[in-house]
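# Commentary on secondary and tertiary structure
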Amino acid sequence: MDKHTVLVTGGAGFIGSHACVELLQAGFNVVVVDNLSNSKLESLKRVEQITGKTLQFYQADIRDKTALTDIFAKESIATVIHFAGLKAVGESCEQPLNYYHNNVYGTLVLLEAMSEANVKQLVFSSSATVYQPSETGQYSESLPLGAINPYGRSKVMVEDILRDVAAVDKIKPNGAPWKVALLRYFNPIGAHESGMIGEDPNGIPNNLMPYVSQVAIGNLKQLSVYGNDYATPDGTGIRDYIHVVDLVKGHIKAIEAIESDKFSGGGCKAYNLGTGKGYSVLDIVNTFEAVTGRKILYQFAPRRAGDLAECFANPALADKELNWIADKDLEDMIADTWNWQVKNPQGYVD
Ligand code: NAD
Ligand code: UD1
């Protein structure tokens with residue numbers, strides 16, 4: 001087994017493509033499995049251009065056990081980073097079965113294939129959305145879980161499955177133990193500094209930053225600010241935005257931790273990946289205007305169902321145990337988002 005080969009599920013997507021760059025630059029071999037349901041092959045071509053290195057790509061669905069078994073047989077995989085899944089909250093309320101099938105069943109198939117191949121190191125893309133809403137707005141890993149929509153519940157279910165799977169080793173040691181890092185992302189934005197890879201949502205974006213950026217470039221007319229009557233300083237919702245490159249660096253740190261004494265007995269541990277700082281929707285609009293010199297037309301609209309007033313990380317555990325902190329500030333995140341948007345006004349064109 002090559003200690004340095006990482007299988008990246010969902011590697012052609014927004015976060016996965018940035019992870020591939022970081023992994024290749026850190027000297028890992030990269031194997032990607034993606035069904036391209038929400039991405040284009042072009043992103044991986046650009047990953048190779050940025051790094052000057054090649055990766056191995058398999059177009060397959062993680063629910064296809066035969067395909068996964070073949071990949072594990074062909075490649076000497078040491079660790080899996082599992083990004084593949086569906087991620088739109090609104091859509092998950094419309095299509096719960098599709099979400100549970102991709103996110104929960106897909107993960108089960110992946111875990112079975114890993115188990116059979118005796119690959120038991122996993123970094124999983126979880127989300128801040130797993131937490132039960134709290135009054136304070138700040139979330140530490142010890143707070144209770146309790147997602148409020150099917151997407152969030154699919155993440156809680158996968159976390160529960162992974163905790164159960166890792167716990168078996170404690171009771172019945174059977175060779176290599178499972179070593180699992182659950183990384184709970186806050187709001188990833190930004191793009192690689194080259195502007196060659198970035199976020200390329202299908203249709204009209206649901207999330208704030210791609211929406212603002214498409215208003216700025218002229219693809220969309222104006223932003224609707226969902227709610228200006230929250231109990232926040234300017235009345236708009238506050239979130240913990242994190243640069244996607246900082247976020248993926250957290251995955252490299254998680255692999256290092258998994259391979260160190262910290263995980264020597266195996267186990268499953270959750271870490272918040274956020275900056276710990278909150279910015280309101282109007283902070284984003286104002287900073288976007290200041291950084292880019294573009295005017296962002298906006299109107300206030302009713303609150304969006306399911307939104308919280310405030311959500312930001314306590315990132316202390318990742319600092320302590322993974323030796324990871326976010327480095328880039330909001331100006332960097334916006335400048336890099338804009339650089340990607342200007343260079344790719346229609347996103348990736350295959
Ligand atoms: P993305 O949609 O850009 O990437 C996901 C990738 O997985 C896509 O390339 C898609 O084609 C692929 N995929 C989906 N279902 C698949 C399947 N069944 N088999 C194979 N490939 C499949 O999303 P992203 O923003 O890069 O998110 C990556 C992960 O991080 C997801 O699990 C998401 O839930 C999680 N996450 C994202 C955010 C965020 O704000 N972007 C926040 C928290 C957690
Ligand atoms: C949403 C998801 C969350 C997911 C994350 C990243 C919900 C309820 N939560 O988080 O589970 O992990 O995306 O994919 O959907 N806003 C506007 N106008 C817009 C868009 C957003 O005012 O057009 C506001 C929102 O009300 C919120 C903030 O901007 O206050 C951020 O929204 P968004 O980018 O969608 O992220 P979250 O809602 O935090």
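Keep in mind the model is a prediction, meaning the values are calculated, not measured.

By the criterion of burial, strand β12 (residues 267–273) is predominantly enclosed, with five of the seven residues buried. When strand β7 (residues 179–185) meets β12, the two strands line up parallel, connected through seven bridges. Counterpart to L183 in the pairing with β12 is Y271.

Turning next to the sheet that holds strand β10 (residues 238–239). Strand pairing in a sheet relies on backbone hydrogen bonds, with the paired strands running either antiparallel or parallel. A sheet is described by the order of its strands in space; here four strands give the open sequence β6-β15-β10-β13, paired in mixed fashion. What marks the edges here is a single partner per strand, and that holds for β6 (138–139) and β13 (279–280). As paired elements, β10 and strand β15 (residues 310–313) share two bridges and run parallel to each other. Bridged to R239 within β15 is C311.

Turning our attention to the domain arrangement of the protein. What the domain assignment lists for the protein is domain 1 (5–190 + 240–273) and domain 2 (208–239 + 276–343). Contact residues are listed per partner, giving 32 residues for domain 1 and 29 residues for domain 2. Taken over both partners, the interface formed by domain 1 and domain 2 buries close to 2700 Å², and the fraction arising from carbon and sulfur atoms is 63%. Across the domain 1-domain 2 interface, the total number found is one salt bridge. Across the pair K269 and E321 runs a salt bridge whose closest N-O atoms are separated by 2.8 Å. The tally of links from domain 1 across to domain 2 stands at 16 residue pairs in polar contact (both at pLDDT 80 or more). Of all the secondary-structure elements, those providing two or more residues to the side of domain 1 that touches domain 2 are β6, β8 (187–189), β11 (241–243), α8 (244–258) and β12. Considering each element in turn, the side of domain 1 that touches domain 2 owes the most residues, seven residues, to α8.

This part covers the environment of D169. Structurally, the position occupied by D169 is in helix α6 (residues 150–171). Note: C-alpha distance between D169 and F263 (94 residues apart in sequence) is 12 Å.

In the structure shown here, the tally under the stated rule is 13 salt bridges. R46 serves as the salt-bridge partner of E42, at 2.8 Å between the closest nitrogen and oxygen. Here the residue E42 and the residue R46 both occupy positions in helix α2 (residues 41–51), the gap between them amounting to four residues, near one helical turn. Each of the two residues, E42 as well as R46, counts as buried. The closest approach of N and O atoms between E112 and K65, which form a salt bridge, is 3.8 Å. Separated by 47 residues along the polypeptide, E112 in helix α5 (residues 96–116) and K65 in helix α3 (residues 65–74) bring together distant segments of the chain. You can call E112 partly exposed: its relative accessible area is 43%. The class of K65 is partly exposed, set by a relative accessible area of 26%. One salt-bridge network, held together by shared partners, links E159, D160, R163 and R184.

Here strand β9 (residues 223–226) shows a buried face lined by L223 and V225 and an unburied face lined by S224 and Y226. Summarising the sheet, β9 and strand β14 (residues 298–301) pair through four bridges and their orientation is parallel. When the sheet's bridge partners are listed, V225 is paired in β14 with F300.

Right, let's get into the state of the cysteines. A full pass over the atoms with the stated rule returns zero disulfides. For C311, which is in no disulfide, the shortest distance to another cysteine sulfur is to C93 and amounts to 17 Å. Exposure remark for C311: the relative accessible area of 8% places this residue in the buried category.

This part covers the site of ligand 1. The immediate surroundings of ligand 1 are formed by 27 residues, with D34, N38, S39, N102 and Y151 found nearest. Here an oxygen atom of ligand 1 and a side-chain polar atom of K155 are 2.9 Å apart. Out of a free accessible area of 820 Å², ligand 1 has 95% covered by protein chains. It is strand β5 (residues 121–127) that contributes the most residues to the shell around ligand 1, three residues altogether. Partitioning the shell around ligand 1 into residue classes produces 11 nonpolar, 11 polar and five charged.

So, how was this worked out
- Residues numbered from 1 in each chain as written.
- Chains lettered and ligands numbered in written order.
- Predicted model: local features only at pLDDT ≥ 70, side-chain atom pairs only at ≥ 80, totals over all residues.
- Heavy atoms only, no water.
- Buried < 20%, exposed > 50% of the residue type's maximum accessible area, 1.4 Å probe, protein only.
- Helix = DSSP H or I, 4+ residues; strand = E, 2+ residues; numbered from the N terminus.
- Pairing = 2+ DSSP bridges.
- Domains from an automatic or database assignment.
- Contact = heavy atoms within 4.5 Å.
- Buried area = accessible area lost by both parts, 1.4 Å probe.
- Salt bridge = Lys/Arg side-chain N within 4 Å of Asp/Glu carboxyl O.
- Polar contact = N/O pair within 3.5 Å; in protein donor to acceptor, adjacent residues only side chain to side chain.
- Disulfide = S-S within 2.5 Å.
- Near = heavy atom within 4 Å.
- Areas by Shrake-Rupley, 256 points an atom, 1.4 Å probe, with all protein chains shown as cover.
- Nonpolar A, V, L, I, M, F, W, Y, C, P; charged D, E, K, R; others polar.

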